[in-house]
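The chain contents come next:
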Amino acid sequence: MGGAGQTGVAGELPVFAVSAGPGAWTLRVAVTPGGARDALAGLAEDRLRVRLRAKAVEGRANAALTDFLAACLGLKNRQVRIVAGDKSRKKTIRIEAESEPDWAAMTAVG
């Protein structure tokens, strides 16, 4: 049951990502706040697992999540936003960029 396919290939999205039209993608993410460090932690139910130092208090973990994902993908913070699951550990993230992000940083986990 692994999701370790060839995900760095052009035109092939990782299992947790879906094209949302020209210049847009949605990511399914499972977040664990309050950890020792910010880190990608593999897959959970076809979602990218992300561990964050920030606690889920006053939106801190949500802000840390979008900042962390933007850094992983080499994007600006404003290009990454939560569109569903604001108060849940399971979130949907929208990525907007002129060209498809390099998913390699996110798929070379674990």
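Each chain carries its own residue numbering, running from 1 in the written order of its sequence. Residues qualify for local features only when their pLDDT is at least 70, as the model is predicted, and side-chain atom pairs are given and counted only at 80 or more; totals for whole chains, interfaces and linings, by contrast, use all residues. The basis for every side-chain value is the complete set of non-hydrogen atoms in the structure, without hydrogens or water.

Our focus in this paragraph is the packing of aromatic side chains. By convention, a stacked pair of Phe, Tyr or Trp rings (six-membered ring in the case of Trp) has centres within 6.5 Å and planes under 30 degrees apart, an edge-to-face pair has planes over 60 apart, and any other such pair is tilted. In total, this model carries 1 aromatic pair according to the counting rule given. With a centroid separation of 6.4 Å and an interplanar angle of 75 degrees, the aromatic rings of Trp-25 and Trp-103 are classed as edge-to-face. Separated by 78 residues along the polypeptide, Trp-25 in strand 2 (residues 24-32) and Trp-103 in the loop between strand 6 (90-96) and helix 2 (104-107) bring together distant segments of the chain. For Trp-25, a relative accessible area of 7% puts it in the buried group. In this text, helices come from DSSP runs of H or I with a minimum length of four residues, and strands from runs of E with a minimum of two, each type numbered from the N-terminal end. The buried label goes to any residue with under 20% of its type's maximum accessible area, the exposed label to any with over 50%, and the partly exposed label to all in between, with areas taken from a 1.4 Å probe on protein chains only.

Before going further, it helps to spend a moment on the pairing of strand 3 (residues 39-44). Here strand 3 runs beside strand 4 (residues 47-51); their pairing, made up of 4 bridges, is antiparallel. Bridged to Leu-40 within strand 4 is Val-50. Counted along the chain from strand 3 to the antiparallel partner strand 4, the turn is 2 residues long, and its residue Glu-45 has a positive phi close to 55 degrees. The pairing criterion for strands is at least two bridges between them, as found by DSSP.

Here the focus is the pattern of salt bridges. Any Lys or Arg side-chain nitrogen found within 4 Å of a carboxyl oxygen on Asp or Glu counts as a salt bridge. Taken as a whole, this structure holds 5 salt bridges when the rule is applied. Residue Arg-53 pairs with Asp-38 through a salt bridge whose shortest N-O separation is 3.8 Å. In this pair, Arg-53 is assigned in the loop between strand 4 and helix 1 (60-73) and Asp-38 in the loop between strand 2 and strand 3, connecting sequence segments 15 residues apart. For Arg-53, a relative accessible area of 51% puts it in the exposed group. In this structure Asp-38 comes out as partly exposed when scored by relative accessible area, which is 22%. The salt bridge partner of Glu-96 is Arg-81, with a shortest N-O separation of 3.5 Å. Pair noted here: Glu-96 is in strand 6 and Arg-81 is in strand 5 (residues 80-84), with a separation of 15 residues, a long-range link.

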